[in-house]
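Examination of the molecular architecture
If you want the building blocks of each chain, they are given just below.
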Amino acid sequence: MKKLGQLYIDSYRGLSTEAWLLALVMLINRTGSMVIPFLSMYMASELHFSKAQVGIVLGCFGLGSVCGSWLGGWLTDRFGNFRVQAISLLLTVPIFIILPQFRTFESLAGMIFLLTLIADTFRPANSVAVARYAKPENLTKAYSLNRMAVNLGFSVGPALGGFLAMISYSWIFYGNAIAALSAAVVFLIFFRNRKPRSTIRTRRKQEKTFTKKDRNAYLDLPFIIFNIFCCLFSMAFFQLLSTVPLYYKEVIQLTEVQIGILLGFNGFTIVLFEMLLVHGVERRFSPRQVMIFGTAMASASYFMLSVPLGIAWLYCTMFILCIGEMLTLPFTATISASRATVNTQGAYMGFNSLAFAAANIFSPYLGTYVAEHFGYQTLWLGTAGLLIFTSIGFSWILKKM
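Read on for a plain summary of the structure.

Basis of the calculations
Residues numbered from 1 in each chain as written. Predicted model: local features only at pLDDT ≥ 70, side-chain atom pairs only at ≥ 80, totals over all residues. Heavy atoms only, no water. Helix = DSSP H or I, 4+ residues; strand = E, 2+ residues; numbered from the N terminus. Buried < 20%, exposed > 50% of the residue type's maximum accessible area, 1.4 Å probe, protein only. Areas by Shrake-Rupley, 256 points an atom, 1.4 Å probe, with all protein chains shown as cover. Core = buried A, V, L, I, M, F, W, Y, C linked by side-chain atoms within 4.5 Å. Contact = heavy atoms within 4.5 Å. Phe/Tyr/Trp six-rings, centres within 6.5 Å; stacked < 30°, edge-to-face > 60°. Expected span 1.5 Å × (residues − 1). Axes fitted to C-alpha atoms, helices over the stretch in contact; angles between N-to-C directions. Left-handed = near helix turned anticlockwise from the far one by under 90°. Nonpolar A, V, L, I, M, F, W, Y, C, P; charged D, E, K, R; others polar. Salt bridge = Lys/Arg side-chain N within 4 Å of Asp/Glu carboxyl O.

**Some remarks on the overall build of the protein chain**
Helices and strands together make up the secondary structure of the protein chain, namely 17 helices and zero strands. With 401 residues in all, the protein chain has 57% of them scored as buried. Carbon together with sulfur atoms contributes 67% to the accessible area of the protein chain, which is approximately 16,900 Å² in total.

What follows is the structure, given as structure tokens:
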């Protein structure tokens, strides 16, 4: 136990103060992430949308995310990560407040697009901020800390959202507004006059002297292929936020509170183990090896989900999915940041965010379509097969990169 405790401390050692502060902002913001996993249930049970309509609205969520990710990368390279993050947080607050007033299919689809367009400009700007403020030798750790904050918020948010949904789904949107406003206030207080680390400024000068000419992220063929496989991984993984909650409610017949706790278990597990796991694997294995295994683990979790064996089995499948997530997602950000130069970090991080956001366009509609016409078991087996294909794809492209 003493060695384990020391290993846990070592996994956090060396992180900059700024990295911790960015993680704190992310934690507050993502505590309000309760709307995401309940959005499909809100539309199905409260607004009585069909599965096709649910899939289309969630597709608008993804389309807004794609546009926001691209726009966030473009704006970050021109105006800096601070302005983009601050404006994104502040503008999402009024949208969350008025969102419950839009109850028709067309109006809600439009508002969801607008919400994610503005909210997801935050993501590439935040990723660039992590790269600028982290120590170079601890870049993967800094991204893992940021993801840990996301998942700690995600573990609290859905559990809280489950209780609020029992009162009224509108309260979920108001909770998101409060979290976004709180995150904006904390971010402005901590980062208003904070400068990038001096070690990063020195490194910039060296990069401009010794590295190759800046590449265009959108013409970098190996990086384009890498992002295609990131998109395929996301299409499979993000079933967690669209069809999985519907499956829990319609087939397993769990209550909103039980669903919130089960989804929150995902974030809680990652908070406990991701930093420890990343610390353990990043010095023993290459990112390629880790991502191949992580994607295969995610595949196994969806295969297990096709066999309904009770609530304990659902927690087991969620734990396996967490392992796959922890071994894949932190390294996608590290690879993207490492491939960029200082002048193109916003574009590279924006392109990688766009790959994940693009999955949100197709993933919900395809998932709900397969579930409605072929059944959930076919959906889970198909998702598992897609992840195996993606694992092979990562093996091939990362070897070339």
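**Observations regarding the nonpolar core**
Grouped together as the largest cluster of nonpolar side chains are 91 residues, with contacts concentrated most on Met-43, Leu-108, Phe-226, Tyr-248 and Tyr-302. Discounting residues that sit within four places of it in the chain, Phe-226 has contacts with Met-291, Thr-332, Ile-335, Ser-336, Asn-352, Phe-394, Ile-397, Leu-398 and Met-401. Counting 32 residues, the second-largest nonpolar core is a separate cluster that includes Ala-86, Val-128, Tyr-143 and Leu-145.

**A short note on the packing of aromatic side chains**
Inspection of every chain in the model, using the stated rule, returns 23 aromatic pairs. Ring geometry for Phe-265 against Tyr-315: centres 5.1 Å apart, planes inclined by 75°, an arrangement best described as edge-to-face. On the criterion of sequence distance, the pair formed by Phe-265 in helix 13 (residues 256-281) and Tyr-315 in helix 15 (residues 311-339) is long-range, its members being 50 residues apart. Residue Tyr-315 is classed as partly exposed on the basis of its relative accessible area of 25%. Each residue in the set Tyr-218, Phe-223, Phe-226, Phe-229, Tyr-348, Phe-351, Phe-389 and Phe-394 is aromatic and connected to the rest through ring pairs, giving one cluster.

**Description of helix 4 (residues 51-79)**
With 29 residues, helix 4 ought to run about 42 Å at 1.5 Å a step, and its terminal C-alpha atoms sit 41 Å apart, in line with that. Looking one or two residues past helix 4, Gly-80 carries a phi angle of roughly 95°, positive in sign.

**Some words on the packing of helix 12 (residues 243-250) against helix 17 (residues 376-400)**
Contact geometry for helix 12 and helix 17: axes closest at 12 Å, N-to-C directions at 145°. Helix 12 and helix 17 meet at a crossing whose hand is left-handed. Only Tyr-376, Leu-379 and Trp-380 of helix 17 make contact with helix 12, whose side of the interface consists of Thr-243, Val-244, Leu-246, Tyr-247 and Glu-250. Grouping the constituent residues of the contact of helix 12 with helix 17 by class yields six nonpolar, one polar and one charged.

**Overview of the pattern of salt bridges**
Under the criterion given, the structure shown has three salt bridges. Between Glu-46 and Arg-103 there is a salt bridge, with its nearest N and O atoms 3.7 Å apart. With Glu-46 in helix 3 (residues 35-46) and Arg-103 in the loop between helix 5 (81-98) and helix 6 (105-119), this residue pair connects regions lying 57 residues apart in the sequence. According to the relative accessible area criterion, Arg-103 is partly exposed, its value standing at 40%. Across the pair Arg-123 and Asp-120 runs a salt bridge whose closest N-O atoms are separated by 3.1 Å.

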